[in-house]
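Listed below are the residues making up each chain.
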Amino acid sequence: LDRHRLMPSRGQATFRIPREYVLSVSGNIRAGDAVSLFVSEPGASRRLFSHDVMVASVRTSSGAEVGLDAAGLEAAAGGDRQRLYASRRSAGVIDAIELNLTEEEWLTIDRLCNGGGMKLVIALSPEVL
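Attention here is on the structure that accompanies the text. (Residues numbered from 1 in each chain as written. Predicted model: local features only at pLDDT ≥ 70, side-chain atom pairs only at ≥ 80, totals over all residues. Heavy atoms only, no water.)

1. Looking at the overall build of the protein
Helix and strand counts for the protein come out as three helices and seven strands. If you list the helices and strands of the protein from N to C, you get β-β-β-β-β-α-α-β-α-β. Of all 129 residues assigned to the protein, the portion counted as buried reaches 38%. The contacts of the protein with a sequence gap of at least 6 include a subset with a gap of at least 24, amounting to 79%. Summed over its atoms, the accessible surface of the protein is roughly 7,300 Å², and 50% of this surface lies on carbon and sulfur atoms. (Helix = DSSP H or I, 4+ residues; strand = E, 2+ residues; numbered from the N terminus. Buried < 20%, exposed > 50% of the residue type's maximum accessible area, 1.4 Å probe, protein only. Contact = heavy atoms within 4.5 Å. Areas by Shrake-Rupley, 256 points an atom, 1.4 Å probe, with all protein chains shown as cover.)

2. A word on helix α3 (residues 103-113)
If you check which residues of α3 are buried, you get Glu105, Trp106, Thr108, Ile109, Leu112 and Cys113. Buried residues of α3, viewed axially, fall in a sector of 160 degrees; they line one side. Among the exposed residues of α3, those pointing more than 90 degrees away from its buried face are Glu103, Glu104 and Arg111. Buried positions along α3 lie against β1 (12-16), β3 (34-41), β4 (44-47), β5 (53-60), β6 (94-102) and β7 (119-124). Positive backbone phi, at 100 degrees, marks Gly115, one or two positions downstream of α3. (Arc of directions from axis to C-beta.)

3. Topic: the environment of Leu101
Position of Leu101 among the secondary structure elements: in strand β6. We classify Leu101 as buried; its relative accessible area is 0%. Residues Leu101 and Ser9 lie 92 residues apart in sequence; the distance between their C-alpha atoms is 8.6 Å. Sequence-distant contacts of Leu101, defined by excluding residues within four places in its chain, comprise Gly11, Gln12, Ala13, Phe15, Ile17, Val53, Trp106 and Ile109.

Following this line, the structure appears as structure tokens:
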């Protein structure tokens, strides 16, 4: 796993998503994953951006940072998707998530969720790793 993959790209920064902005987060998301963002409001939901965004970090309610464990790294290297998914399920409940976003993307999220009445749904992209 390339540690630079977690760093924001040019024109991006790492933003912690406030808990009150989030409706749900897929439980098997880990740092380095690409995720799809959706906004949900009563009676309607839609994809927020046409592209996925990179997860910079994930923390559990115990404060532990979550990434791929040794079994997950081995499974990823060997292309064993079932074993990779199983290794991800054991990490626990996600409490905080940070995403690499452009300023415009962050301002859009903040505008929609801070007074806009919408909540984020953060979903693991079909293209894991």
